[in-house]
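Read off the chains here:
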Amino acid sequence: MNPGPVSPLYGDKTCSSSDDESTLTDTSSVISEELNDSFTSEPDSQDIQGHFNLGLGNKGLRFGTWNVNGLTLSKFDQIRLFILSSDNRPQIDILSINESHLKPSTSDSLYEVPGFDIHRSDRKGSMKKGGVLVYVNKKIKHKRRTDLEDSRIEAVWLEVYPYKSNRPLLFAGVYRRPAYLKEDDELLEKNIESAYLLNLETIISGDTNVNYLTFQVFRKHRLIRALTSMHFKQLVTQVTRPISKTCLDHIFSNRPERIHFVGVRISGLADHLPVF
């Protein structure tokens, strides 16, 4: 995996899980100051063009995750600018959207991006909000792995063949709501374990609502302990929800050495920041 160089307003190389909590807290303070500065300045047209340029290059599998707190048509207009460059070329191959808030009756056509397939896991029944939507570049060979999905879990599982590769990897877009009970975490753990047993490189992305920046608490969380036992490493080390100064949006990989860079970008679209 090589997403290529990233040029976000701030970003960092993937960090070791041995990073101590004090270092992570210091980093969150710096990022908060940068966010405050960015919202008080008026961008010019060149700044706007640069804002939507992800700078991920053209090599490797490029992916990201973003909790948009409700996918609306106005938000979609901006998300599309992140997905496609100014000359309408894909800037990213897979983008997992958390908290899409879409109903099963909502047509995909409202949120179509040229050259991309849409895969959804909408929240059903009387429960509102939630939901996962994943955009995948049509040029990437892939298929939906519904056999790995559980209707009680908000997740989309995909089998993806990176460019010029005959060996697939698994990619999951997952949303774990804040009110998860022990039984819910056990379901999610079993769901991930079923993928882990396939012995494939696996990437799990999404909002887990477990704060990585309180690292000592984070690593003791039941779900995190389970993921660690399956050799998954969490790679996002920066604030992803500025209002609470927390890192809730994660990328887990069981082959972290194959992911060259993870960055968080500043965006006022929602209360969470995108990770690419």
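Residues numbered from 1 in each chain as written. Predicted model: local features only at pLDDT ≥ 70, side-chain atom pairs only at ≥ 80, totals over all residues. Heavy atoms only, no water.

Asker: Which parts of the structure should I look at to understand the packing of helix α4 (residues 182–196) against helix α6 (residues 222–229)?
Answerer: Any two packed helices are characterised by the angle at which their axes cross and by the distance between the axes. Closest axis-to-axis distance for the α4/α6 pair is 10 Å, and the angle between their directions is 15°. By the criterion of interaxial angle, the relationship of α4 to α6 is roughly parallel. In terms of crossing hand, the pair formed by α4 and α6 is right-handed. Seen from α4, the contacting residues are K182, D185, E186, L188, E189 and I192; seen from α6, they are R222, L223, A226 and L227. Residue composition of the contact of α4 with α6, by class: 5 nonpolar, no polar and 5 charged. (Axes fitted to C-alpha atoms, helices over the stretch in contact; angles between N-to-C directions. Helix = DSSP H or I, 4+ residues; strand = E, 2+ residues; numbered from the N terminus. Parallel < 35°, antiparallel > 145°, perpendicular 65-115°, else oblique. Left-handed = near helix turned anticlockwise from the far one by under 90°. Contact = heavy atoms within 4.5 Å. Nonpolar A, V, L, I, M, F, W, Y, C, P; charged D, E, K, R; others polar.)

Asker: For this particular structure, what's the right way to read the sheet that holds strand β7 (residues 154–161)?
Answerer: Think of a sheet as strands paired side by side through backbone hydrogen bonds, with each pair either parallel or antiparallel. Across the sheet, which stays open at both edges, the 6 strands sit in the order β6-β7-β8-β9-β11-β10 with mixed pairing between neighbours. Both edges of this open sheet fall to β6 (141–144) and β10 (233–234), since each of them pairs with a single strand only. With 6 bridges connecting them, strand β8 (residues 169–175) and strand β9 (residues 202–207) associate as parallel partners. The residue of β9 that forms the bridge with Y175 is D207. Here α4 sits on the sheet in contact with β7, β8 and β9, set at roughly 10° to β7. (Pairing = 2+ DSSP bridges.)

Asker: I would appreciate a short explanation of the environment of R120 in the present structure.
Answerer: Tracing the backbone through its elements, the reader meets R120 in strand β4 (residues 116–121). Given a relative accessible area of 15%, R120 falls into the buried group. Residues R120 and W157, 37 residues apart in the sequence, show an inter-C-alpha distance of 9.9 Å. Beyond its immediate stretch of four places on either side in the chain, R120 contacts L102, K103, P104, T106, S107, D108, V132, L133, R144 and V156. At 2.7 Å, the side chain of R120 forms a polar contact with the side chain of D108. (Buried < 20%, exposed > 50% of the residue type's maximum accessible area, 1.4 Å probe, protein only. Polar contact = N/O pair within 3.5 Å; in protein donor to acceptor, adjacent residues only side chain to side chain.)

Asker: What should I look at first to understand the pairing of strand β3 (residues 94–98) in this one?
Answerer: Strand residues, when the strand is regular, have side chains that alternate between the two faces of the sheet. Burial analysis of β3 places 5 of its 5 residues in the buried class, which makes it a mostly covered element. Side chains I94, S96 and N98 project from β3 onto one buried face, and the interleaved L95 and I97 project onto a second face that is buried too. In this sheet, β3 lies alongside strand β2 (residues 63–67) in parallel orientation, the contact comprising 5 bridges. Paired with T65 across the strands is S96, a residue of β3. In terms of handedness, the path from β2 via helix α3 (residues 73–83) over to β3 forms a crossover that is right-handed. Where β3 lies against strand β5 (residues 132–137), 5 bridges are found, and the strand directions are antiparallel. For S96, the partnering residue across the bridge sits in β5 and is V134. (Right-handed = clockwise from strand over helix to strand, strands pointing away.)

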